[in-house]
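Given next are the chains, with one letter for each unit.
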Amino acid sequence: MSEIKIVNATGLACPQPVVLAKEAIEKNDQVKVVVDNETALENVKRLGTKLGCDVSVEAKADGIFEIILQRKAGAALPDVAVSCDASTPAGGPFVVACAEDKMGRGSDELGSVLMRSFLHTLVLQKEKPDVMIFYNSGVKLTVSGSETLDDLKELAAAGVEMLVCGTCLNYFEIKDQLAVGVVSNMYDIASTMSRAGRLLTP
Amino acid sequence: MSQSAPYFVMLFKAVSYALKAEKILKAQQVPHKLIPVPKEISSDCGICLRYELQHRCSVETSLLNQVMYEEIRILSH
């Protein structure tokens, strides 16, 4: 039995602690990872579990945690991707899908105000979606005269890609009024939704 | 709509007042926007009415004696 390998991951932001822990456990049977925040703690613990290691945690003073990863004797490590749920989504884009021109059910009048508020707030947020998808009555948000147009244009100017369902524009007979985004189809919509790291439907 | 030029927000006691104000302003074609109440202001109602400086007179005249509001603030962010 080799002696315990110590990885000091204090002061490092995700995914660094997970990367270092993974490298270490690939070469050693037992690794002690030292981290100084809850996010790194959770991510390293999750890595250990995924790799099939025994995981134990000891909380030290000043917010320091020591995580011991112990490989099961003779067991090969499965191939696990480094993931870091706290800040970055696992891989794919952050997608917001507007399926209606209203937010929630109960009152249409209120739902319309809520949707406008939601989109306005999205503009003010630091982390903006990568892609926004509009379908069914959601396409009404993107046409001229829509009260959400200013906010959507601002999002588009900030680099948010906007896919607007062509079938839906056609159904509501408002295709000629599209004022933001591009006319899209179910292939693009379905594939964007499928590869989304995070999919949010207001 | 620029986020940096100063603008007014009118705060209401309840959402229904904000909706009523919007109806009146829409009918009279006075430019305005319903927005969530900015975080730094506390209000019972989550929605407020935003309007630009140059529309102050038309907005406030249109709503006079029509809709009760709590207060009007000028914001610039």
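Fair warning: this is a prediction, and the values are worked out from it, not measured in the lab.

Caption draft 1: Examining the overall build of chain A more closely. Across its full length, chain A holds six helices and nine strands. In chain A, of all internal contacts separated by at least 6 residues, the share reaching a separation of at least 24 is 68%.

Caption draft 2: Quick peek at helix 1 (residues 16–27) of chain A. All names here are of chain A. In a regular helix each residue adds 1.5 Å, so 12 residues correspond to 16 Å; helix 1 covers 17 Å between its end C-alpha atoms and thus fits that length. Of the residues making up helix 1, those classed as buried are Pro17, Val18, Ala21, Lys22 and Ile25. Considered in projection along helix 1, the buried side chains sweep an arc of 130° and stay on one side of the axis. Exposed residues lying more than 90 degrees from the buried face of helix 1 are Glu26 and Lys27. Next to the buried residues of helix 1 lie strand 1 (5–8), strand 2 (30–35), helix 2 (38–50) and strand 4 (65–70).

Caption draft 3: Looking closely at the nonpolar core. Judged by nonpolar contacts, the single largest core of 45 residues is most densely connected at Met132, Ile133, Phe134 and Cys165 of chain A together with Ala18 and Cys48 of chain B. Top contributing element to this core by residue count: helix 3 (residues 108–124) of chain A, with five residues. Sequence-distant contacts of phenylalanine 134 of chain A, defined by excluding residues within four places in its chain, comprise Cys98, Val139, Leu141, Thr142, Val164, Cys165 and Gly181 of chain A.

Caption draft 4: Here's a closer look at the sheet that holds strand 3 (residues 47–52) of chain B. A sheet is described by the order of its strands in space; here four strands give the open sequence 2-3-1-4 (chain B), paired in antiparallel fashion. Lying at the two open borders of the sheet, with one neighbouring strand each, are strand 2 (33–36) and strand 4 (71–75) of chain B. Adjacent strand axes in the sheet meet at a mean angle of 35°, parallel and antiparallel pairs treated alike. Pairing of strand 1 (residues 7–11) of chain B with strand 3 of chain B, which is carried by four bridges, proceeds in the antiparallel orientation. Following the sheet pairing, valine 9 of chain B is matched in strand 3 of chain B by arginine 50 of chain B. Packed onto the sheet, helix 3 of chain A meets strand 2 and strand 3 of chain B and runs at close to 70° relative to strand 2 of chain B. Its contacts with the sheet place helix 1 (residues 15–27) of chain B against strand 2 and strand 3 of chain B, and it is angled at close to 35° to strand 3 of chain B.

Caption draft 5: How the structure looks around the packing of helix 1 of chain A against helix 2 of chain A. Residue and element names in this part refer to chain A. Packing of helix 1 against helix 2 leaves a shortest axis separation of 9 Å and a crossing angle of 30°. Relative to helix 2, helix 1 is oriented so that their crossing is right-handed. Between helix 1 and helix 2, the contacting residues are Pro17, Val18, Ala21 and Lys22 on the first element and Ala40, Asn43, Val44 and Leu47 on the second.

Caption draft 6: Spotlight on the interface of chain B and chain A. Residue-level contacts link six residues of chain B with seven residues of chain A. The leading source of residues in the side of chain B that touches chain A is strand 2 of chain B, at three residues. Residues belonging to the side of chain B that touches chain A are distributed by class as follows: six nonpolar, no polar and no charged.

Caption draft 7: Structural context of the environment of valine 34 of chain A. Residue and element names in this part refer to chain A. Tracing the sequence through the fold places valine 34 in strand 2. Note on valine 34: 18 C-beta atoms within 10 Å, which makes it partly exposed. C-alpha separation for the pair valine 34 and glutamate 66, spaced 32 residues apart in sequence, amounts to 4.6 Å. Apart from the residues lying within four places of it in its own chain, the contact partners of valine 34 are Ile6, Val7, Asn8, Ala9, Thr10, Ile64 and Glu66.

Caption draft 8: Structural context of the sheet that holds strand 1 of chain A. Residue and element names in this part refer to chain A. Judged by pairing direction, the sheet is mixed, and its four strands sit side by side in the order 1-2-4-3 without closing on themselves. The open sheet terminates on both sides in strands that have one partner only, identified here as strand 1 and strand 3 (54–59). Geometrically, the sheet is characterised by an average inter-axis angle of 20° between neighbouring strands, direction not taken into account. Lying on the sheet, helix 1 is in contact with strand 1, strand 2 and strand 4; it crosses strand 2 at an angle near 165°.

Each value, and the rule that gives it
As a convention, each chain's residues are numbered from 1 in the sequence order in which they are written. To label them, take the chains in the order written and letter them from A, then take the ligands in the order written and number them from 1. With pLDDT at 70 or above as the cut-off, local features in this predicted model cover only qualifying residues; side-chain atom pairs require 80 or more to be listed or tallied, and sums for whole chains, interfaces and linings still use all residues. Numbered from the N terminus, helices here are DSSP runs of H or I no shorter than four residues, and strands are runs of E no shorter than two. Whether two residues are in contact is decided by their C-beta atoms, placed from the backbone, lying within 7 Å. Helix span, expected: 1.5 Å multiplied by one less than the number of residues in the helix. Think of it as a crowd count around each C-beta: if 20 or more other C-beta atoms lie within 10 Å the residue is buried, if 12 or fewer it is exposed, and in between it is partly exposed, with C-beta placed from the backbone throughout. Summarising the geometry, the arc corresponds to the directions from the helix axis toward the C-beta atoms. Take the buried Ala, Val, Leu, Ile, Met, Phe, Trp, Tyr and Cys residues, join any whose C-beta atoms are within 7 Å, and the set you get is a nonpolar core. Pairing between strands requires that DSSP locate at least two bridges from one strand to the other. Angular values range over 0 to 180 degrees, each being the angle between N-to-C directions of two axes fitted as lines to C-alpha atoms, with helices fitted over their stretch in contact. It is the rotation of the near helix from the far one that decides the hand of a crossing: anticlockwise by less than a right angle makes it left-handed, clockwise makes it right-handed. Nonpolar residues are Ala, Val, Leu, Ile, Met, Phe, Trp, Tyr, Cys and Pro. Charged residues are Asp, Glu, Lys and Arg, and all others, Gly as well, are polar.

Taken by themselves, the reported measurements are silent on function.
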